[in-house]
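The chain contents come next:
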Amino acid sequence: MNDHDHEHPHAAITNGDEPAAAARARALEELLLEKGVIRREDVRAGIDWLVSRSPADGARLVARAWADPEFKARLLADARAAALELGLDPGPSPVVVAVENTDAVHHMVVCTLCSCYPRALLGPPPNWYKSLPYRSRAVSDPRGVLTEFGVELGDDVEVRVLDSTADIRYLVIPRRPAGSEGMSEAELASLVTRDSMIGVSAPQSA
Amino acid sequence: MHDRGGRPTDAPIDRSEHELADWELLTDAVVGTLGRNGLMNVDELRRGIESMPPDEYEHASYYERWLYAIETILGEKGVLAPGELDRRLGK
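Remember, it's a predicted structure, so these values are computed and weren't measured experimentally.

S.K.: Just give me the short version of the overall build of chain B, but keep the residues and values in it.
M.R.: Across its full length, chain B holds 5 helices and 0 strands. Of the regular secondary structure in chain B, the N- to C-terminal order runs α-α-α-α-α. Here the C-alpha coordinates of chain B stretch approximately 40 × 30 × 25 Å along the principal axes. Sorting the 91 residues of chain B into buried and exposed places 48% on the buried side. Sequence separation of 24 or more characterises 59% of the internal contacts of chain B that already satisfy a separation of 6 or more.

Put into structure tokens, the structure is as follows:
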């Protein structure tokens, strides 16, 4: 089957556009409010939580792990506890697992079935993470995808693709870039991008 | 259809950034609220999404799939009557 013709990005949904889905979403909320199965304040609180999430939280975890090997060990052993230790919200129940990229092993994360992602620590997943081509090709051609995203790895580096589930979500600790010696934790955190914590980008120090 | 891992494709990955629109945030938060209220958990959300006809699935945007799942699951549970949302929308 040639999927190519079917895998357009979603042209109907763009910023500033008002797709039919928007009216449908509002009507659905209205019906559910009237039926008393949801309360407006709970929905508003959910939106507030979602917009408050950002990759800055994940970056703080990575920066601390770079700066403090003992913290890194705790992060790798139990990411949820490590997040709580820094006063960060690890989100509701699903288990967050941190994995470390090294000179020998590179991890990248996908959710082939849908979009599972450590939203509490990284914010909502980017559109490409949820897209059909990424979900296919991260598994069939991970090195090709990494090249497309600008990550060049030597042949001696093992690539591990982690497929997320509703119960386990992954946070990649990228390699600390050369030239970052002596930086403060805040400076280190500023080097840590969202994509590097998905494993499709490598932090640069300059 | 939903199980994309390794499916052969040469389609490019569109890496443009997209800030979630208000209705997308709303849909996400409604799902979260339904979950906390015990009306639809994440597995039911997924089953609802995966019950979409393949052609619709491929063409729907991400949160359009979520809307489809909410309607499907809450319809099964009798929270929404058949066609109730369409009638509200004047269709």
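S.K.: So what's going on with the overall build of chain A? Residues and values would help.
M.R.: A count of helical and extended segments in chain A gives 11 helices and 4 strands. Taken along the three principal axes of its C-alpha coordinates, chain A extends 55 × 45 × 30 Å. Relative to its full complement of 206 residues, chain A shows a buried share of 50%. Considering only contacts in chain A between residues 6 or more positions apart, those separated by 24 or more positions represent 65%. Summing over all exposed atoms, chain A offers an accessible surface of approximately 9,300 Å²; the carbon and sulfur share of this is 51%.

S.K.: Quick one: what's the story with the packing of aromatic side chains, residue by residue and with numbers?
M.R.: Enumeration over the complete set of coordinates arrives at 9 aromatic pairs over all chains. Each ring, one from W128 of chain A and one from Y129 of chain A, has its centre 6.3 Å from the other, and the planes form 70°; the classification is edge-to-face. You can call W128 of chain A buried: its relative accessible area is 1%. Residue Y129 of chain A is classed as buried on the basis of its relative accessible area of 0%. Note on Y129 of chain A and Y134 of chain A: the rings are 5.9 Å apart at their centroids and 35° apart in plane angle, and the pair reads as tilted. Assessed through its relative accessible area of 0%, Y134 of chain A is described here as buried. Ring pairs connect the aromatic residues Y117, W128, Y129, Y134 and F149 of chain A, which therefore count as one cluster. The cationic tip of R15 of chain B hangs over the ring face of F149 of chain A; the distance from NZ or CZ to the ring centre is 4.1 Å. Positioned over the ring face of Y57 of chain B is R65 of chain B, at 4.2 Å from the centre of the ring.

S.K.: Give me the interface of chain A and chain B: which residues, what numbers.
M.R.: Between chain A and chain B, the contact holds 57 residues from the first and 58 residues from the second. Sorting the residues of chain A by area buried against chain B places R24, L28 and L113 of chain A first, and these three jointly supply 12% of that buried surface. Joining chain A to chain B, the criterion identifies 7 salt bridges. Here chain A and chain B share 13 residue pairs in polar contact (both at pLDDT 80 or more) between them. Broken down by secondary-structure element, the contributors of at least two residues to the side of chain A that touches chain B are α1 (20-34), α2 (40-52), α7 (127-130), α8 (132-140) and α9 (142-148) of chain A. In terms of residues, the side of chain A that touches chain B owes the most to one element, α1 of chain A, which gives 13 residues. In terms of residue class, the side of chain A that touches chain B is built from 30 nonpolar, 11 polar and 16 charged.

S.K.: So what's going on with the pattern of salt bridges? Residues and values would help.
M.R.: Residue and element names in this part refer to chain A. Counting across every chain of the model gives 22 salt bridges over all chains. For E185, the salt bridge goes to R64, with nearest N and O atoms at 2.7 Å. Placement of the pair is E185 in helix α10 (residues 185-191) and R64 in helix α3 (residues 55-67), with a sequence separation of 121 residues. A relative accessible area of 33% means that E185 is categorised as partly exposed. Two residues, R175 and D103, come together in a salt bridge whose shortest N-O distance is 2.8 Å. Here D103 lies in the loop between β1 (95-100) and β2 (105-110) and R175 lies in the loop between β4 (168-173) and α10, a separation of 72 residues in the sequence. The class of R175 is partly exposed, set by a relative accessible area of 44%.

S.K.: Can you tell me about the nonpolar core, naming the residues and giving the values?
M.R.: L32, L61, L75 and Y134 of chain A together with L34 of chain B are the most contacted members of the largest nonpolar core, which has 88 residues in total. The dominant element in this core, judged by the number of residues it contributes, is helix α4 (residues 62-76) of chain B, at 8 residues. Formed jointly, this core draws a minimum of three residues from each of two domains, domain 1 (13-50) and domain 2 (54-198) of chain A.

S.K.: Break down the state of the cysteines for me, citing the residues and quoting the values.
M.R.: Residue and element names in this part refer to chain A. Under the counting rule described, the total for this entry stands at 0 disulfides over all chains. The thiol of C114 is unpaired, and the distance to the nearest cysteine sulfur, on C111, comes to 5.8 Å. On the accessibility criterion, C114 (9% relative accessible area) is buried. This cysteine, C116, is not joined by any disulfide, and C111 carries the nearest cysteine sulfur, 4.5 Å off.

So, how was this worked out
Numbering of residues starts from 1 in each chain and follows the order in which that chain's sequence is written. Ligands are numbered from 1 and chains lettered from A, in the order in which they are written. Under the rules for a predicted model, residues below a pLDDT of 70 receive no local features and side-chain atom pairs below 80 are neither given nor counted, while totals for whole chains, interfaces and linings still include all residues. To obtain the side-chain values, all non-hydrogen atoms of the structure were included, while hydrogens and water were left out. Labels follow the DSSP assignment, with helices taken as runs of H or I lasting at least four residues and strands as runs of E lasting at least two, numbered in each case from the N terminus. Residue burial is assigned from relative accessible area. The probe radius is 1.4 Å, only protein chains are included, and a residue is buried under 20% of its type maximum, exposed over 50%, and partly exposed in between. In what follows, residue pairs with any heavy atoms lying within 4.5 Å of each other are defined as contacts. Here the Shrake-Rupley method, with its probe set to 1.4 Å, supplies the accessible areas, and only the displayed protein chains count as covering residues. Side-chain rings of Phe, Tyr and Trp, where Trp is taken by its six-membered ring, are said to pair if the distance between their centres is within 6.5 Å; with planes under 30 degrees apart they count as stacked, over 60 as edge-to-face, and otherwise as tilted. Charge-over-ring placement is defined geometrically: NZ (Lys) or CZ (Arg) within 6 Å of the ring centre, and within 35 degrees of the ring normal. Buried area adds together the accessible area that both of two parts lose upon being put together, with accessible area traced by a 1.4 Å probe. By convention in these notes, a salt bridge is any Lys or Arg side-chain nitrogen within 4 Å of a carboxyl oxygen on Asp or Glu. Residues adjacent in sequence count toward polar contacts only when both atoms are side-chain atoms; beyond that, a polar contact is any pair of N or O atoms within 3.5 Å, and within protein one must be able to donate a hydrogen and the other to accept it. Classes in brief: Ala, Val, Leu, Ile, Met, Phe, Trp, Tyr, Cys and Pro nonpolar; Asp, Glu, Lys and Arg charged; the others, Gly included, polar. Residue types Ala, Val, Leu, Ile, Met, Phe, Trp, Tyr and Cys, when buried and joined through side-chain atoms within 4.5 Å, form a set referred to as a nonpolar core. In this document the domain limits rely on a domain assignment from an automatic tool or a database. Defined by distance alone, a disulfide is two cysteine sulfur atoms within 2.5 Å.

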